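Read off the chains here:
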Amino acid sequence: MTVVKEFESDKADKIEPMQLGKRLKEIRMAHGLTLEEASKRTGLARSTLSKIENEQISPTFQAMQKLAGGLEIDIPQLFAPPKQLKATGRRDITRKEQGKPHPTTTYEHELLATQLTNKKMMPFKSKVRARAFEDYSDWIRHDGEEFLLVLDGEITFYSEFYEPVNLSEGDSVYYDANMGHMLTSVSEEDALILWVTAS
């Protein structure tokens with residue numbers, strides 16, 4: 001009986017192994033990046049990033065250098081354990097047009113609440129630059145669920161398993177972000193939308 005207790009005690013005292021994949025995903029989400037966007041920034045294939053995040057492979061030192069450079073962090077930050085703080089209250093105010101800009105070929109994103117880490121939601125406003133389905137090389141897919149609200153203009157919402165639908169100011173859609181999706185502006189000016197992604 002004594003031996004069992006000592007074994008259980010030793011087991012309880014063991015340090016939890018570093019989960020590099022979990023840490024990488026946390027950093028990527030904090031930057032508001034999809035796997036595709038992180039792939040373009042780091043030069044690593046989307047499939048490679050996905051495997052690293054899911055602890056299926058361990059990155060080489062060269063891959064870690066690319067990750068650090070593309071995500072604009074120092075390599076030691078990849079090994080810093082995720083903070084497990086349980087805050088009783090926190091907030092982050094983003095003033096009008098003071099979010100972090102993140103332009104892409106099809107969208108002009110403004111990331112909101114960028115000072116908060118370990119968020120369960122990623123809010124951002126986007127101007128939809130794309131005007132045609134062909135402006136995209138492939139469907140956009142990423143983990144989590146997403147909510148979209150049209151703030152100004154009109155868009156066509158394309159999704160992998162549904163017919164395209166037009167959405168105007170005040171219209172919204174909630175969907176599984178693992179399902180391929182993309183947007184185009186159909187109004188005279190680029191449409192403005194609010195996006196909230198939850199992982």
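The rules behind these values
Per chain, residues are indexed from 1 in the order of the written sequence. The predicted nature of this model means local features are confined to residues of pLDDT at least 70 and side-chain atom pairs, given and counted, to a pLDDT of 80 or more, with totals for whole chains, interfaces and linings taken over all residues. Only heavy atoms go into the side-chain values, all of them from the structure, while hydrogens and water stay out. Relative accessibility decides the category of a residue: with a 1.4 Å probe and only protein chains considered, values under 20% of the type maximum give buried, values over 50% give exposed, and everything between is partly exposed. Secondary structure is summarised from DSSP: a helix means a run of H or I of at least four residues, a strand means a run of E of at least two, and numbering begins at the N terminus for each. When DSSP locates at least two bridges between a pair of strands, those strands are taken to pair. Note on geometry: axes are C-alpha line fits, over the in-contact stretch for helices, and angles between N-to-C directions span 0 to 180 degrees. What we call a nonpolar core is a set of buried Ala, Val, Leu, Ile, Met, Phe, Trp, Tyr and Cys residues that are connected through their side-chain atoms within 4.5 Å. The criterion used for residue contact is that any of the two residues' heavy atoms lie within 4.5 Å. Salt bridges are counted wherever a side-chain nitrogen of Lys or Arg sits within 4 Å of a carboxyl oxygen of Asp or Glu.

> Tell me what's going on with the pairing of strand 7 (residues 172–176), and back it up with residues and numbers.
Only one face of strand 7 is covered, namely the one carrying Val173 and Tyr175; the face carrying Ser172, Tyr174 and Asp176 has none of its residues buried. Of the pairings in the sheet, the one linking strand 4 (residues 145–152) to strand 7 comprises five bridges and is antiparallel in character. Looking at the pairing, Glu146 lines up with Tyr175 of strand 7.

> Account for the sheet that holds strand 6 (residues 162–168), with residues named and values stated.
Read across the open sheet, the three strands follow the order 6-5-8; overall the sheet is antiparallel. Two strands close off the open sheet at either side, each with one partner strand: strand 6 and strand 8 (181–185). Here the strands of the sheet are splayed against their neighbours by 20° on average, with no regard to which way each runs. Two elements, strand 5 (residues 154–159) and strand 6, share five bridges in a ladder whose sense is antiparallel. By the bridge assignment for strand 6, Ile155 is matched with Leu167.

> Residue-level account of the nonpolar core, with values.
Generally speaking, soluble globular proteins have nonpolar side chains that are buried together. Core analysis: the biggest nonpolar cluster contains 22 residues, and Leu148, Ile155, Leu183, Ile193 and Trp195 have the highest contact counts within it. Secondary-structure elements contributing two or more residues to this core are strand 2 (107–111), strand 3 (121–128), strand 4, strand 5, strand 7, strand 8 and strand 9 (191–198). Among residues more than four places away in sequence, those in contact with Ile193 are Phe124, Lys125, Ser126, Val128, Leu148, Leu149, Val150, Leu151, Ile155 and Leu183. Leu24, Leu35, Met64 and Ala68 belong to the second largest nonpolar core, which has 16 residues in total.

> Please set out the sheet that holds strand 7 residue by residue, giving values where relevant.
One open sheet accounts for six strands, arranged 1-2-3-9-4-7; its pairing is antiparallel. A single partner strand is all that each edge strand has here, and the edge strands are strand 1 (100–103) and strand 7. The sheet shows a mean angle of 25° between the axes of neighbouring strands, direction not considered. Here four bridges tie strand 1 to strand 2, and the two strands are oriented antiparallel to one another. Within the sheet, the bridge partner assigned to Pro101 lies in strand 2 and is Glu110.

> Could you give an account of the pattern of salt bridges, with specific residues and numbers?
According to the stated counting rule, one finds eight salt bridges in the structure shown. Here Arg46 ties to Glu36 by a salt bridge, and the two come within 2.9 Å at their closest N and O atoms. Here the residue Arg46 occupies a position in helix 4 (residues 46–53), and Glu36 occupies one in helix 3 (residues 35–42), the gap between them amounting to 10 residues. The closest approach of N and O atoms between Glu110 and Lys125, which form a salt bridge, is 3.8 Å. Here Glu110, found in strand 2, pairs with Lys125, found in strand 3; they are 15 residues apart in sequence, far enough to count as distant. Taking relative accessible area as the criterion, Glu110 reaches 15% and is therefore assigned buried.

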